[in-house]
Amino acid sequence: MPQPLIATSGSHGHTLVVMPTYNERENLPLMAKALFALGLPDFSLLVVDDNSPDGTGRLAEELSAQYDGAIRVLHRPSKAGLGPAYLAGFRHALALGAQRIIQMDADFSHQPHYIPALLAALDEADLVIGSRWIRGGGVDPTWGLHRKLLSMWANRIYTPLILGMPIHDATGGFRAWRRATLEGLDLEQVQSNGYVFQVEIAYIAYRSGYRLRELPIFFPERQRGVSKMSSRVALEAALRVWQIRNRYRGISAARRANAED
Ligand SMILES: Nc1nc2c(ncn2[C@@H]2O[C@H](COP(=O)(O)OP(=O)(O)OP(=O)(O)O)[C@@H](O)[C@H]2O)c(=O)[nH]1
Ligand SMILES: [Mg+2]
C-alpha cells in the first residue's frame, strides 16, 4: 500500500500526473523540469515504466531522489501497452489519495503549459480532454496531408458517429480526471491495450453520465526518442471502436461503480 499523499494547501487536494514511459530517457529529465517549473501546489509525478531497455526506470528513480520524492516510479516487468500502464497508474494514484489526476505522454507532444487550463476546466467537468481537432487546437506542421486528414476523419467524424459521443479527439491522451470520475468507472472492466484505450475509457465515462469537456491543444511532434505508434495499431484502434460501442452502450449513470443506491 503506498504512503498516502498529504495535501498542504488549497482546496483541491493533491494533483498527480500519471506518465507512462517506454524508452524515454532523453525526455524524462526535461519533462520533470518543465512540470515542476509550473509551480503548482500539492503536485507530483508518477512515472509508470515498463522496464524500458534504455534505463528510463532507473533514471526515474534518480530523479525521484533529486526532486525529494515528488516523483514516484511504478515499475512494471515488461512492455504491456499503454492501457495497462495507465490503469496501474490510475489505481496507484487513487490509492495515494490524489484528488485530480492528469494523464500525459512523456515526449512533449503533450505540453505541460496546458496543465493549469486543464485543471481549471475540471472545476466544471468530470473529465477534461485536450483536443487537437477543435477550434484553437492543431498538430505539428510537419504532419503530411494524408496523416492529418486520417486523424481528423477518425477523431472528428468516424468515432463520434459510431459512438454518439460529442468528443472530437477521443484518441487524445492529454486529460485531467477528477478522482470521483475514475472511482466511478470500474477500471477492472477496461480491456484495451493499445491507444484505443483512450477511446474506451472516455466512452465509459460518457455513458456513465460524467460531464466531458474538450480544451484545444497544439500537438507538436516528438523531438527526442522513438515513437511506439504504428499504422497497424492505428487500424486496430479504428476497428475496435465498434467493439467498444457494443460493449458499453448499455451502461448508464445508475451503474457507476460508486453510484449511490
Ligand atoms: N509504460 C508504457 N509506456 C508506453 C508504452 N507504449 C508507449 N508508452 C509511452 O506512452 C507515451 C505515448 O507513446 P508514443 O510512442 O509517443 O506514441 P504516440 O504519442 O501515440 O505516437 P507518436 O505521435 O508517434 O509519438 C510515451 O510517453 C511512451 O513512452 C508501453 O507499452 N508501456
Ligand atoms: Mg508521442
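Residues numbered from 1 in each chain as written. Chains lettered and ligands numbered in written order. Predicted model: local features only at pLDDT ≥ 70, side-chain atom pairs only at ≥ 80, totals over all residues. Heavy atoms only, no water.

Colleague: For the overall build of the protein chain, give the residues involved together with the corresponding values.
Modeller: In terms of helices and strands, the protein chain carries eight helices and nine strands. A globule of 261 residues ought to have a C-alpha radius of gyration of about 18 Å, and the protein chain, at 17 Å, matches this closely. Across its three principal axes, the protein chain shows a C-alpha extent of roughly 50 × 45 × 35 Å. Long-range pairs, those at least 24 residues apart, make up 81% of the contacts in the protein chain with a sequence separation of at least 6. For the protein chain, the exposed surface amounts to about 12,100 Å²; the carbon and sulfur share of it is 53%. Counting 29 positive and 25 negative side-chain charges, the protein chain places the centres of these two groups 6 Å from one another. (Helix = DSSP H or I, 4+ residues; strand = E, 2+ residues; numbered from the N terminus. Rg over C-alpha atoms; globule rule 2.2 N^0.38 Å. Contact = heavy atoms within 4.5 Å. Areas by Shrake-Rupley, 256 points an atom, 1.4 Å probe, with all protein chains shown as cover. Lys, Arg positive; Asp, Glu negative; His and termini not counted. Charge placed at Lys NZ, Arg CZ, Asp CG, Glu CD.)

Colleague: Explain a nonpolar patch on the surface to me, and be specific about the residues and the numbers.
Modeller: A cluster of nonpolar residues, Leu150, Trp153, Ile157 and Leu161, forms a patch on the protein surface that exposes about 450 Å² of accessible area. Exposure remark for Trp153: the relative accessible area of 42% places this residue in the partly exposed category. (Patch = residues over 30% accessible without salt bridge, like charges linked within 9 Å, V, L, I, M, F, W, Y side chains within 5 Å. Salt bridge = Lys/Arg side-chain N within 4 Å of Asp/Glu carboxyl O. Buried < 20%, exposed > 50% of the residue type's maximum accessible area, 1.4 Å probe, protein only.)

Colleague: Outline the site of ligand 1, listing residues and values.
Modeller: Lining the immediate environment of ligand 1, one finds 19 residues, of which Glu24, Asp50, Asp107, Ser227 and Lys228 sit closest. Backbone polar atom of Tyr22 to an oxygen atom of ligand 1: 3.0 Å apart, as the coordinates give it. Between ligand 1 and Asp50, the relevant distance is 2.8 Å, taken from a nitrogen atom to a side-chain nitrogen or oxygen of the residue. When ligand 1 sits alone it has 630 Å² of accessible area, and the protein chains cover 93% of it. Among the elements of the structure, strand 1 (15-21) and helix 3 (82-96) are those that each provide at least two residues to the shell around ligand 1. For the shell around ligand 1, the class distribution of residues is eight nonpolar, three polar and eight charged. (Near = heavy atom within 4 Å. Polar contact = N/O pair within 3.5 Å; in protein donor to acceptor, adjacent residues only side chain to side chain. Nonpolar A, V, L, I, M, F, W, Y, C, P; charged D, E, K, R; others polar.)

Colleague: Residue-level account of the packing of helix 7 (residues 197-207) against helix 8 (residues 231-248), with values.
Modeller: Taken N-terminus to C-terminus, the directions of helix 7 and helix 8 make an angle of 30°; their axes are 10 Å apart at the nearest point. Comparing their axes, helix 8 and helix 7 come out roughly parallel. Seen along the crossing, helix 7 lies across helix 8 with a hand that is right-handed. Residues Val199, Glu200, Tyr203, Ile204 and Arg207 of helix 7 lie in contact with helix 8, whose contacting residues are Val241, Ile244, Arg245, Arg247 and Tyr248. Taken together, the residues of the contact of helix 7 with helix 8 break down into six nonpolar, no polar and four charged. (Axes fitted to C-alpha atoms, helices over the stretch in contact; angles between N-to-C directions. Parallel < 35°, antiparallel > 145°, perpendicular 65-115°, else oblique. Left-handed = near helix turned anticlockwise from the far one by under 90°.)

These results come straight from atomic positions and should not be treated as a statement about function.
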